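# Understanding the architecture of this molecule
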Amino acid sequence: EDQVTQSPEALRLQEGESSSLNCSYTVSGLRGLFWYRQDPGKGPEFLFTLYSAGEEKEKERLKATLTKKESFLHITAPKPEDSATYLCAVQGPPLTGANNLFFGTGTRLTVIP
Amino acid sequence: GAVVSQHPSRVICKSGTSVKIECRSLDFQATTMFWYRQFPKQSLMLMATSNEGSKATYEQGVEKDKFLINHASLTLSTLTVTSAHPEDSSFYICSARRGRSQETQYFGPGTRLLVL
């Protein structure tokens, strides 16, 4: 069964304290792994798409990496405005008309000034 | 970037009434749109996949007669919650995908539904 597990469930960091969020997945025929940021009461905001093991992408203080079994979202010197829930989603083999996008439950990040 | 809007952002209605939520892709044509539901502190649960010009595909356990989906154009999909009840209160989020071969989904801001 395809699964996505994110850890930790919640993370509190001091401003400037770098850390990493983990997304472990089991999906046959991975077509893409997505990271989204979600603020309370808002829809998810797209951050990155990773397609193959070894791929890395960066955006400001965020860097996403991918292996065959997991992805990491590294946050360097976070600021309070980085506080949000970070969602990981994976896409398996294409199915006609289907979504086949599996979401993890997210990591709730709080950055303390 | 790709922008997806939803309307209304929040709605309060009486039990038994129907509520329509619109999802629009503002700067791209969306062959496929998706409707999700999210409960507090939980992740997104896919309700249905909507392809332009065809019937929506519903996930297991989602009542198609209760959650009516119409994808009339490449930029608009609507979700109608019929005969809403308090247990339908939730955060409804749509997403849109540019094309069948483009995998990234872009999400709308969500609609908070409260049924009294």
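For the structure itself, look to the data block above.
What comes next concerns the included structure. (Residues numbered from 1 in each chain as written. Chains lettered and ligands numbered in written order. Predicted model: local features only at pLDDT ≥ 70, side-chain atom pairs only at ≥ 80, totals over all residues. Heavy atoms only, no water.)

## Examining the interface of chain A and chain B
In this complex, chain A contributes 20 residues to the contact, which on the side of chain B involves 21 residues. In total, about 1,600 Å² of surface goes out of reach between chain A and chain B, with carbon and sulfur atoms giving 50% of it. Remark: the boundary between chain A and chain B carries zero salt bridges. Elements supplying a minimum of two residues to the side of chain A that touches chain B: strand 4 (32-38), strand 5 (45-50), strand 9 (84-91) and strand 10 (101-103) of chain A. Top contributing element to the side of chain A that touches chain B by residue count: strand 4 of chain A, with three residues. Across the side of chain A that touches chain B, the residue classes tally to nine nonpolar, nine polar and two charged. (Contact = heavy atoms within 4.5 Å. Buried area = accessible area lost by both parts, 1.4 Å probe. Salt bridge = Lys/Arg side-chain N within 4 Å of Asp/Glu carboxyl O. Helix = DSSP H or I, 4+ residues; strand = E, 2+ residues; numbered from the N terminus. Nonpolar A, V, L, I, M, F, W, Y, C, P; charged D, E, K, R; others polar.)

## A closer look at the packing of aromatic side chains
Here the structure, examined in full by the defined rule, presents nine aromatic pairs over all chains. Consider the rings of A:Tyr36 and A:Phe46, whose centres lie 5.9 Å apart with planes at 70°: the pair is edge-to-face. Of this pair, A:Tyr36 sits in strand 4 while A:Phe46 is found in strand 5, placing the two residues 10 residues apart along the sequence. Ring geometry for A:Tyr36 against B:Phe107: centres 5.0 Å apart, planes inclined by 90°, an arrangement best described as edge-to-face. With A:Tyr36 in strand 4 and B:Phe107 in strand 10 (residues 105-107), this pair bridges two chains. For A:Tyr36, a relative accessible area of 0% puts it in the buried group. Given the relative accessible area of 8%, B:Phe107 is considered buried. By the ring-pair criterion, three or more aromatic residues cluster together here, those being A:Tyr36, A:Phe46, A:Phe103, B:Phe28, B:Tyr36, B:Tyr106 and B:Phe107. It is B:Arg98 that lies over the ring of B:Phe28; its NZ or CZ is 5.2 Å from the centre. (Phe/Tyr/Trp six-rings, centres within 6.5 Å; stacked < 30°, edge-to-face > 60°. Buried < 20%, exposed > 50% of the residue type's maximum accessible area, 1.4 Å probe, protein only. Lys NZ or Arg CZ within 6 Å of the ring centre and 35° of its normal.)

## A look at the environment of B:Gln29
Residues and elements named next belong to chain B. Secondary-structure assignment places Gln29 in the loop between strand 3 (19-25) and strand 4 (32-38). Linking Gln29 and Ser73, residues 44 residues apart in sequence, is a C-alpha distance of 8.7 Å. Once residues within four sequence positions are removed from consideration, Gln29 is found in contact with Leu74, Arg97 and Arg98.

## Comments concerning the state of the cysteines
Under the defined criterion, the tally for this structure stands at two disulfides over all chains. Paired by a disulfide, A:Cys23 and A:Cys88 hold their sulfur atoms 1.9 Å apart. As the torsion about the S-S bond is roughly -60°, the A:Cys23-A:Cys88 disulfide counts as left-handed. Of this pair, A:Cys23 sits in strand 3 (residues 19-26) while A:Cys88 sits in strand 9, placing them 65 residues apart in sequence. With respect to class, A:Cys23 is no different from A:Cys88; both count as buried. Here B:Cys23 connects covalently by a disulfide to B:Cys94, the sulfurs 2.0 Å from one another. On the S-S bond that ties B:Cys23 to B:Cys94, the torsion sits near 80°, and the link is right-handed. Taken together, the residues span a long stretch of sequence, with B:Cys23 in strand 3 and B:Cys94 in strand 9 (residues 90-97) at a distance of 71 residues. No difference in accessibility class separates B:Cys23 from B:Cys94, as the two residues are buried. (Disulfide = S-S within 2.5 Å.)

Geometric values such as these leave the question of function open.
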